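# Per-entry structural report
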Amino acid sequence: MRVEQAIGQQIARLRAERRMSLTELGEALGRYLDRPWSRQAVHQAERGQRAFTAAELTALALCLDTSVQALFRAENDRIELPGGAVSPEDYRGILLSREPDMPLDGVEELIVALHDIGEVLSRPALARLARIGRVADQVAGPER
């Protein structure tokens, strides 16, 4: 996945969570940039079809009430750069701004923990165990 696609996915996700339309986000960006983005420009950004300036990334973070780093978040995909690909681990390490021997601060630890919890919760075996637990509760009845 190209880095622009990763950013686009985050823009789309955050915009949807905030129940903003493409037009509303474009108009909100106009408060921080020279002019608002059109609905089509926001759509292109969400599809990873444009490069972003530092000012645009800052404006997007402000409008979506997030951090610039959060816009770069990618799931477990390799990130494609013009000179080659970056592993998911290296990419996440870059976002967390840490040296190999540098301890994480509290927020970065939380980000890593939440990511790891999300991976565990998405495992099919865990979903099966949860279903088994619910069935066991139903069979045992209210006395349990």
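The structure this text deals with has already been given above.
Described below are features of the structure shown in this document. These figures come from a predicted structure and were not determined experimentally.

Criteria and cut-off values
Residues numbered from 1 in each chain as written. Predicted model: local features only at pLDDT ≥ 70, side-chain atom pairs only at ≥ 80, totals over all residues. Heavy atoms only, no water. Helix = DSSP H or I, 4+ residues; strand = E, 2+ residues; numbered from the N terminus. Buried < 20%, exposed > 50% of the residue type's maximum accessible area, 1.4 Å probe, protein only. Contact = heavy atoms within 4.5 Å. Areas by Shrake-Rupley, 256 points an atom, 1.4 Å probe, with all protein chains shown as cover. Arc of directions from axis to C-beta. Patch = residues over 30% accessible without salt bridge, like charges linked within 9 Å, V, L, I, M, F, W, Y side chains within 5 Å. Salt bridge = Lys/Arg side-chain N within 4 Å of Asp/Glu carboxyl O. Axes fitted to C-alpha atoms, helices over the stretch in contact; angles between N-to-C directions. Parallel < 35°, antiparallel > 145°, perpendicular 65-115°, else oblique. Nonpolar A, V, L, I, M, F, W, Y, C, P; charged D, E, K, R; others polar.

This part takes up the overall build of the chain. Counting its secondary structure elements, the chain contains eight helices and two strands. Within the chain, the fraction of its 144 residues that count as buried is 30%. Considering only residue pairs separated by 6 or more positions, the chain has 52% of its internal contacts joining residues 24 or more positions apart. Surface summary for the chain: the accessible area is close to 9,700 Å², and the carbon and sulfur share equals 54%.

As a further point, take the environment of Glu27. Residue placement: Glu27 occurs in helix α2 (residues 22-30). For Glu27 and Arg39, which are twelve residues apart along the polypeptide, the C-alpha to C-alpha distance reads 8.9 Å. Excluding residues within four positions of it along the chain, Glu27 makes contact with Pro36 and Trp37.

Further remarks concern helix α3 (residues 39-46). Residues three or four positions apart in an α-helix share a direction because the helix packs 3.6 residues into each turn. Where α3 is concerned, the buried positions are Ala41, Val42, Ala45 and Glu46. Summarising the axial view, the buried residues of α3 lie within an arc of 140°, below the 170-degree limit, and thus occupy one face. Those residues of α3 that are buried lie in contact with α1 (3-17) and α2. Immediately beyond the C-terminal end of α3, within one or two residues, lies Gly48, with a positive phi of roughly 75°.

Attention now goes to a nonpolar patch on the surface. A grouping of Leu110, Leu114 and Ile117 is seen on the molecular surface, where their side chains present a nonpolar patch of about 300 Å² in accessible area. Within the fold, Leu114 resides in helix α7 (residues 106-121). Its relative accessible area of 54% is what places Leu114 among the exposed residues.

Turning to the environment of Phe52, a few remarks are in order. Relative to the elements of secondary structure, Phe52 occurs in the loop between α3 and α4 (54-63). By relative accessible area, which is 15% here, Phe52 ends up buried. Sequence separation between Phe52 and Glu4 is 48 residues, and the spatial gap between their C-alpha atoms is 7.8 Å. Once you skip the residues sitting within four places of it in the chain, Phe52 turns out to touch Glu4, Ile7, Ile11, Trp37, Ala45, Leu57 and Leu60.

Think of two packed helices as two axes; the pair is described by the angle between the axes and how far apart they sit. Packing of α1 against α3 leaves a shortest axis separation of 7 Å and a crossing angle of 120°. In terms of axis orientation, α1 runs oblique to α3. In this structure, α1 uses Glu4, Gly8, Gln9, Ile11, Ala12 and Arg15 to contact α3, whose residues at the interface are Val42, Ala45 and Glu46. Considered class by class, the residues forming the contact of α1 with α3 number four nonpolar, two polar and three charged.

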